[in-house]
Amino acid sequence: MRTITETIKHLLIINVIFFVASVSLGDVVYDLFALHYPFSPKFQIWQPLTHMFMHGDIGHIFFNMFGLYMFGTPIEQMWGRKKFIFFYLSTGFGAAAFQLLLYYFQINQVSNVLLAEGLTGNQITAFFQTSDLPYDIVERIGREKLLSGLSAFNGVMVGASGALYGILVAFAFLFPNARLMLLFPPIPVKAKILVPVLILSDLFFGFTSYSIGPIAHFAHVGGAITGLVMLWYWKKNQFNNNRLN
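All values reported here derive from a predicted model rather than from experimental measurement.

Enquirer: How do you make sense of helix H9 (residues 161-174) when you look at a structure like this?
Expert: One turn of an α-helix holds 3.6 residues; hence residues three or four places apart share an orientation. Helix length check: H9, at 14 residues, gives a terminal C-alpha distance of 20 Å against a target of 20 Å (1.5 Å per residue), a fit within 8%. Taken together, the buried positions of H9 are Ser161, Gly162, Ala163, Leu164, Tyr165, Gly166, Ile167, Leu168, Val169, Ala170, Phe171 and Ala172. Buried-residue contacts for H9 involve helix H4 (58-79), helix H5 (81-116), strand E3 (179-181), helix H10 (191-207) and helix H11 (217-236).

Enquirer: Mind showing me how you'd approach the packing of aromatic side chains here?
Expert: When we look at a pair of aromatic rings, we describe it by the centre distance and by the angle of the planes. Per the counting criterion, the structure on display carries 17 aromatic pairs. When the ring of Tyr104 is compared with that of Phe105, the centres are 5.6 Å apart and the planes differ by 65°; the resulting orientation is edge-to-face. For Phe105, a relative accessible area of 52% translates into the label exposed. In textbook terms, an aromatic cluster arises when at least three aromatic residues are bridged by ring pairs, as seen for Tyr37, Phe39, Phe127, Phe128 and Phe153.

Enquirer: How should I be thinking about helix H1 (residues 6-25) in this particular structure?
Expert: Relative to the 28 Å expected for 20 residues at 1.5 Å per residue, H1 spans 28 Å between its end C-alpha atoms, a close match to the ideal helical length. Inspection of H1 places Thr7, Ile8, Leu11, Leu12, Asn15, Phe18, Phe19 and Ser22 among the buried residues, and these make up the whole buried set. Down the axis, H1 shows its buried residues gathered within 135° of arc, on one side only. Summarising the geometry of H1, the exposed residues directed more than 90 degrees from the buried face are Ile17, Ser24 and Leu25. Elements in contact with the buried residues of H1: helix H2 (27-33), helix H3 (47-50), H4 and H5. Residue Gly26 follows H1 closely and has a positive phi angle near 75°.

Enquirer: It is not clear to me how the pattern of salt bridges should be interpreted in this structure. Could you clarify?
Expert: Oppositely charged side chains may form a pair once their charged atoms are brought near each other. Applying the stated rule across the entire model yields five salt bridges. As a salt-bridge pair, Lys42 and Asp31 come within 3.4 Å of each other at their nearest N and O atoms. Of this pair, Lys42 sits in the loop between strand E1 (35-36) and H3 while Asp31 sits in helix H2; the two residues are eleven residues apart in sequence, bridging distant segments of the chain. By relative accessible area, Lys42 is classed as partly exposed at 43%. Arg140 is paired through a salt bridge with Glu117; the nearest N and O atoms lie 2.7 Å apart. With a gap of 23 residues between them, Arg140 in helix H7 (residues 135-141) and Glu117 in the loop between H5 and helix H6 (121-130) connect regions that are remote in the sequence. For Glu117, a relative accessible area of 29% translates into the label partly exposed. Through salt bridges that share partners, Glu117, Asp136 and Arg140 make up one connected network.

Enquirer: Got a minute to help me understand a nonpolar patch on the surface in this structure?
Expert: Nonpolar side chains collect at one region of the surface, where Leu25, Val28, Leu32, Ile45 and Trp46 lie side by side and expose about 510 Å² of accessible area between them. Considering the arrangement of structural elements, one finds Leu32 in helix H2.

Enquirer: Before we go on, may I ask you to explain the side chain of Asn64 in this structure?
Expert: Structurally, the position occupied by Asn64 is in helix H4. By relative accessible area, Asn64 is classed as buried at 7%. At 3.1 Å, the side chain of Asn64 and the side chain of His55 are in polar contact.

Enquirer: Is there a simple way to think about the confidence of the model for the protein chain in this case?
Expert: The predicted structure's coordinates, where accompanied by low pLDDT, should not be read in detail. In this model, the protein chain carries an average pLDDT of 89, and 92% of its residues clear a pLDDT of 70 or more. The lowest-confidence element of the protein chain is E3, averaging 82 in pLDDT; the highest-confidence one is H3, averaging 97.

Enquirer: Which parts of the structure should I look at to understand unusual backbone geometry?
Expert: Excluding glycine, a negative phi dihedral is what most residues carry, and trans is how most peptide bonds are arranged. One non-glycine residue, Ser131, adopts positive backbone phi at about 65°. With respect to the helices and strands, Ser131 occurs in the loop between H6 and H7. By relative accessible area, which is 44% here, Ser131 ends up partly exposed.

Enquirer: Quick question: what am I supposed to make of the layout of surface pockets here?
Expert: If a probe as big as a water molecule is rolled over the atoms, it shows which places are left empty. Considering only enclosed or pocket space, the second largest pocket measures out at about 220 Å³ in volume. For the lining of the second largest pocket, the secondary-structure elements that each account for two or more residues are H5 and H6. Looking at the lining of the second largest pocket, its residues break down into seven nonpolar, four polar and no charged.

Enquirer: Any chance you could explain the environment of His51 here in plain terms?
Expert: Within the secondary structure layout, His51 lies in the loop between H3 and H4. Owing to a relative accessible area of 4%, His51 belongs among the buried residues under this scheme. For His51 and Leu32, which are 19 residues apart along the polypeptide, the C-alpha to C-alpha distance reads 9.4 Å. If near-sequence neighbours (up to four positions away) are discounted, His51 is found in contact with Phe33, Ala34, Leu35, Gly92, Ala96, Met157, Val158 and Gly159.

So, how was this worked out
Residues numbered from 1 in each chain as written. Predicted model: local features only at pLDDT ≥ 70, side-chain atom pairs only at ≥ 80, totals over all residues. Heavy atoms only, no water. Helix = DSSP H or I, 4+ residues; strand = E, 2+ residues; numbered from the N terminus. Expected span 1.5 Å × (residues − 1). Buried < 20%, exposed > 50% of the residue type's maximum accessible area, 1.4 Å probe, protein only. Contact = heavy atoms within 4.5 Å. Phe/Tyr/Trp six-rings, centres within 6.5 Å; stacked < 30°, edge-to-face > 60°. Arc of directions from axis to C-beta. Salt bridge = Lys/Arg side-chain N within 4 Å of Asp/Glu carboxyl O. Patch = residues over 30% accessible without salt bridge, like charges linked within 9 Å, V, L, I, M, F, W, Y side chains within 5 Å. Areas by Shrake-Rupley, 256 points an atom, 1.4 Å probe, with all protein chains shown as cover. Polar contact = N/O pair within 3.5 Å; in protein donor to acceptor, adjacent residues only side chain to side chain. pLDDT = per-residue confidence, 0-100. 1 Å grid on protein atoms, 1.4 Å probe; cavity = no way out; pocket = protein on both sides within 12 Å on 5 of 7 lines; lining within 4 Å. Points joined across faces, edges and corners; volume = space filled by probe spheres on them. Nonpolar A, V, L, I, M, F, W, Y, C, P; charged D, E, K, R; others polar.

Quick look at the structure:
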């Protein structure tokens, strides 16, 4: 059992505190600290940060925290506290931005259709907030298309998964030949192979309807891309590992 580092320990504690609060207090915690679409009435400026510490259920937080411990610990030991925190938060923000950008395109697509139907900007805003439209407009546009926009506008993002994917990319970058044991089937796979497969899987599930549960696959991809860009930039500019320590 590897020794847990200070930052990882503190992140685990913060996540557990948020999870206990959400279980104890219910929706009010999600309304305040989960990430809502920026034009939603429930959006708050701190949510891009706090959503990283929110989780939906015990399985969600367990696997994210286990992954953070397993892969984050050796990275913090190599990089130091400040650089690790900077990377972790940056990939979490990148994941959120990527998913919100997807939401924007989905909402904008529906908004343009409603504009073509003659609705005003205020009426469109009211639709996204109340889900209320005249029956004839619903029939012409189609419920499925309208629901895609409503789901995006009312979408709620929680979890450390986006930041964790950035950590996974960093682990594969720093320890490419480390062997990771799969659960099903129980065989070892090198990090440089497994991590790209995970990212490609998220791309596949993100673009298809085969997703298992309400998973923000594009947030995973966004965290991975943000991490990869940061690692590439640091390597290209010969980033001093101790500069942020």
